[in-house]
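Chain and residue survey
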Amino acid sequence: MKIVTLIGARPQIIKAAALSRVIKNRFPDEVEEIIVHTGQHYDANMSQVFIDELGIPEPRVNLNIGSGTHGWQTAGMITGVEKILLDEKPDYLVLYGDTNSTLAGAVAASKIHVPVVHIEAGLRSFNKSMPEEINRIMADHVSTLLFTPTETGYQNLLREGFRPDNPSPFTADRPGIFHCGDVMYDNSLYFKEIALKKSTILKQLNLEDQAFYLATVHRDSNTDHPRRLQAIFESFLQIATTGGKPVVVPLHPRTAKLLEKNIGEKLYQQIQKEDKIRLIPPVSFLDMIMLESRCEMVFTDSGGVQKEAYFFEKPAIILRSETEWKEIVEQGCGVVADADKDNIMAAFDLFSKKKDELVFPPLYGDGKAAEFMVSKMLQNR
Ligand code: UD1
Ligand code: UDP
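Note that this is a predicted model, so its numbers are computed, not measured.

**What to know about the site of ligand 2**
Among the 19 residues in the neighbourhood of ligand 2, the closest are listed as Arg-219, Val-283, Ser-302, Gly-304 and Glu-308. In the model, an oxygen atom of ligand 2 is placed 2.8 Å from a nitrogen or oxygen of the Arg-219 side chain. Contacts to ligand 2 include Gly-303, whose backbone N or O atom sits 2.9 Å from an oxygen atom. Expressed as a share of its isolated accessible area of 530 Å², the protein-covered part of ligand 2 is 95%. For the shell around ligand 2, the secondary structure elements donating two or more residues are helix H1 (10-26), helix H13 (285-294) and helix H14 (303-311). For the shell around ligand 2, the element with the highest residue contribution is H14, accounting for 4 residues. In terms of residue class, the shell around ligand 2 is made up of 10 nonpolar, 5 polar and 4 charged.

In structure tokens:
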């Protein structure tokens, strides 16, 4: 079986590691994987660091698309991916998540009848002002194999008319849908031990175990809206100055570029002067899971970081108005605080008092999601 795996944005490179690992260790003779990078993310600390660190095969092609408007960026990717698929004629194009790279792959492959595998299918925010919501709906509806990380994702697909009982072989008109757990959980289990051995981030930042907070912010709904971004960073400042514990913020380049302009000169200066707020460049995955597993609490608008907080049994304050990962909230381990300072501070107080009472039952599979996926692809060929 020959598959082309399309990566582009940071979380897709990380997710791809789980499947590449299974292919290398379990199916080296049965599966040939060709990695194609769209170039959506290109800074070394948003891309190459993960390829080097996580054992993903070096991309055979990088389309080097770079940043731009949604239409421009997606169109360039479609053209590039189509050419590769026509040349390689793979059995499947494997897509992750909900970025513009995902959408481009889905459009390119489905039009030339290359079956699409969508990993992380079925997730919905029910908010179409989010570019990712458009991308994931479109990708799901042209896919042949859809793997949902949660039961909620599976139920969303049923609600949209996907049938649970299609006979194989599955096709784009008669797709197969499977709830099989989350490749990110596979990765967290696998890389945790390696991070413990290799990561020196706590030492580098002079952080004490369980005595700091971790925060990430990158959604356009926050970075591009001054009032929202201000509310978030005012909260971080208040938490750092009143609680006395550092808030570590690995800054996505989008946020780094907009921070000063959108939170205003005064707040920006206060944050720069406050040594308990640590604005740092994006970190490697091993460093990130070290920070996630050793912090006291997580503040994030990231999908992946929300879940990893749960994997490492940390409460998550979700800096969005809704979440696709609603199990975390239902379990009481996350609060949707939006970009509202009162909500953020209330959630912070709640979790500061209650963090030891939280329970984190397994919701994301058994750590073998990638194995299941590759087996299904092989069966359906
Ligand atoms: C993208 C995804 C989002 C995902 C996120 C993961 C879309 C629509 N959005 O958002 O779903 O959660 O990746 O991180 O696909 N930039 C750099 N260097 C880089 C990459 C980006 O400087 O290596 C800057 C550029 O100014 C760029 C901006 O970040 O314009 C946004 O990048 P882009 O890939 O368009 O979207 P993200 O916000 O990263
Ligand atoms: N991540 C990382 N370094 C960072 C920030 C995030 O390795 O500095 C990892 C994080 O552990 C998770 C993934 O990137 O696995 C999440 O990506 P991101 O937040 O960019 O996107 P999202 O998940 O929201 O699409």
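Still more to cover.
**Topic: the packing of aromatic side chains**
All chains considered together, the criterion is met by 16 aromatic pairs. Residues Phe-299 and Phe-348 carry aromatic rings whose centres are separated by 6.2 Å and whose planes lie at 35 degrees to one another, so their mutual orientation is tilted. Taken together, the residues Phe-299 in strand E11 (residues 297-300) and Phe-348 in helix H16 (residues 341-354) connect sequence positions 49 residues apart. The residues Phe-299 and Phe-348 share a single accessibility class, namely buried. Note on Trp-325 and Tyr-364: the rings are 6.1 Å apart at their centroids and 55 degrees apart in plane angle, and the pair reads as tilted. Within this pair, whereas Trp-325 is found in the loop between strand E12 (316-318) and helix H15 (326-330), its partner Tyr-364 is found in the loop between H16 and helix H17 (369-379), the two being separated by 39 residues in sequence. Three or more aromatic residues joined by ring pairs form one cluster here, namely Tyr-185, Tyr-310, Phe-311, Trp-325, Phe-360 and Tyr-364. Just above the ring of Phe-27 sits the side chain of Arg-26; from NZ or CZ to the centre is 5.2 Å.

**So, the layout of surface pockets**
Size it by volume and the second largest pocket reaches roughly 190 Å³. Every residue lining the second largest pocket is counted, 13 residues in all, and those nearest its centre are Arg-21, Lys-24, Leu-54, Gly-55 and Tyr-190. Those elements that provide at least two residues to the lining of the second largest pocket are H1, helix H2 (48-54) and helix H7 (183-198). Counted by class, the lining of the second largest pocket contains 6 nonpolar, 3 polar and 4 charged residues.

**Quick notes on the sheet that holds strand E4 (residues 92-96)**
On the basis of which strands lie adjacent, the open sheet formed by 7 strands has the order E3-E2-E1-E4-E5-E6-E7 and parallel pairing. Because the sheet does not close on itself, it has two edges, and the strands there are strand E3 (61-62) and strand E7 (176-179). Pairing analysis gives 4 bridges linking E4 to strand E5 (residues 116-119), with the strands arranged parallel. Bridged to Leu-93 within E5 is Val-116.

The rules behind each value
- Residues numbered from 1 in each chain as written.
- Chains lettered and ligands numbered in written order.
- Predicted model: local features only at pLDDT ≥ 70, side-chain atom pairs only at ≥ 80, totals over all residues.
- Heavy atoms only, no water.
- Near = heavy atom within 4 Å.
- Polar contact = N/O pair within 3.5 Å; in protein donor to acceptor, adjacent residues only side chain to side chain.
- Areas by Shrake-Rupley, 256 points an atom, 1.4 Å probe, with all protein chains shown as cover.
- Helix = DSSP H or I, 4+ residues; strand = E, 2+ residues; numbered from the N terminus.
- Nonpolar A, V, L, I, M, F, W, Y, C, P; charged D, E, K, R; others polar.
- Phe/Tyr/Trp six-rings, centres within 6.5 Å; stacked < 30°, edge-to-face > 60°.
- Buried < 20%, exposed > 50% of the residue type's maximum accessible area, 1.4 Å probe, protein only.
- Lys NZ or Arg CZ within 6 Å of the ring centre and 35° of its normal.
- 1 Å grid on protein atoms, 1.4 Å probe; cavity = no way out; pocket = protein on both sides within 12 Å on 5 of 7 lines; lining within 4 Å.
- Points joined across faces, edges and corners; volume = space filled by probe spheres on them.
- Pairing = 2+ DSSP bridges.

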